[in-house]
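# Structure assessment
If you want the building blocks of each chain, they are given just below.
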Amino acid sequence: MSVNSIPETAAWRDYFELTKPRVVTLIVFTAVVGMFLAVPGLPPLAAVVFGTLGIGLAASSAAVVNHVLDARIDIQMARTRQRPLPQGKLSESNALAFAGVLGVTSMLVLWFLVNALTAVLTFASLIGYAVIYTAYLKRATPQNIVIGGAAGAAPPVLGWTAITGEIHGDALILFLIIFVWTPPHFWALAIARKDDYAKAGVPMLPVTHGNEFTRVFILLYTILLFLITIMPYLSGMSGLIYLVTAVVLGGMFLYYAIRLKSDDGLELPMRVFRFSINYLMILFAALLIDHYFPIRLGIVA
């Protein structure tokens, strides 16, 4: 291997890291589930492919902008100081150019190869996360993740509109699930990384109101999440496979939230944070499985 090839490989990895691939994977997954739930059978292949590509590129663009705007606080936090920008592996101008290429490409794909509604909604979500949340809300209020969570909850709606060209009530239920899931998911991490956020001057709820207050809110949101996840069954969007999965997962989340309320350590919050990611993936996978292999209770005359 030549000496010149090493920086090129490192640069590729640095750019890739800017896109937050694990976060974007979860975003794209929930969007794809929205696509398949939008129609009784299989959605059009072209809409799935180009919709997934456009939404994924937009999410990646927003992630890169997030890295740029957070670079000055990332260097102060143990969890984020090894990112490419704080380490000086990439310049902010190059990162912004990369974000621009991703964002423009995503809009062109969605506008010309999917539909205008999906392009507009995706652009609004990109601005909501990359600018409104990251540049303003994150530093302005301890309710930042609640208000900013709307952008992160949009992917299932985007997936739905990519296939149908319209917003449906069932898509809004999927939006609501992720919207309510976001605070307990992120506040668990915020408890574990409270000192980092305080050092960086980010007013996360544990920093401004304390861990005990935050634990109560995590429990309250988890109870609300449990109730909301029943809605797909009540609306007729899903059947028993999803219902059983939602109840079991919701029970596990509640168990963690109850334990967390009386636990002063930092290990359990990280376990809750990691569980919440698996929770959302399994929940949406159950929605997809139930859509094609429904089991519903019937009444025999």
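All values derive from a computational prediction rather than experimental measurement.

## Things to note about the packing of aromatic side chains
- Scanning the model with the defined rule gives 13 aromatic pairs in all.
- Judged by centre distance (5.7 Å) and plane angle (20°), the rings of Tyr129 and Tyr133 are stacked. One end of the pair is Tyr129 and the other is Tyr133, both in helix H5 (residues 116–140) and four residues apart, which spans about a single turn.
- Judged by relative accessible area, which is 24%, Tyr129 ranks as partly exposed.
- Note on Tyr133: relative accessible area 5%, which makes it buried.
- Here the aromatic rings of Phe253 and Phe275 are separated by 5.5 Å at their centres, their planes lie at 85°, and the arrangement is edge-to-face. Of this pair, Phe253 sits in helix H13 (residues 240–261) while Phe275 sits in helix H14 (residues 267–292); the two residues are 22 residues apart in sequence, bridging distant segments of the chain. An identical accessibility class is assigned to Phe253 and Phe275; each is buried.

## Description of a nonpolar patch on the surface
- Together, Val104, Leu108, Trp111, Phe112, Leu113 and Val120 make up an exposed nonpolar region whose accessible area comes to about 630 Å².
- The element best represented in the nonpolar patch is helix H4 (residues 92–113), accounting for five residues.
- Here Leu108 lies in helix H4.
- Taking the relative accessible area as the measure of exposure, Leu108 reaches 46% and is therefore partly exposed.

## Some words on the nonpolar core
- Core analysis: the largest hydrophobic core is formed by 91 residues, its most contacted members being Ile177, Trp181, Tyr197, Tyr279 and Phe284.
- In terms of residues, this core owes the most to one element, helix H8 (residues 169–192), which gives 14 residues.
- Excluding anything up to four places from it in sequence, Phe284 contacts Phe29, Thr30, Val33, Pro156, Leu174, Ile177 and Ile178.

Calculation criteria
- Residues numbered from 1 in each chain as written.
- Predicted model: local features only at pLDDT ≥ 70, side-chain atom pairs only at ≥ 80, totals over all residues.
- Heavy atoms only, no water.
- Phe/Tyr/Trp six-rings, centres within 6.5 Å; stacked < 30°, edge-to-face > 60°.
- Helix = DSSP H or I, 4+ residues; strand = E, 2+ residues; numbered from the N terminus.
- Buried < 20%, exposed > 50% of the residue type's maximum accessible area, 1.4 Å probe, protein only.
- Patch = residues over 30% accessible without salt bridge, like charges linked within 9 Å, V, L, I, M, F, W, Y side chains within 5 Å.
- Areas by Shrake-Rupley, 256 points an atom, 1.4 Å probe, with all protein chains shown as cover.
- Salt bridge = Lys/Arg side-chain N within 4 Å of Asp/Glu carboxyl O.
- Core = buried A, V, L, I, M, F, W, Y, C linked by side-chain atoms within 4.5 Å.
- Contact = heavy atoms within 4.5 Å.

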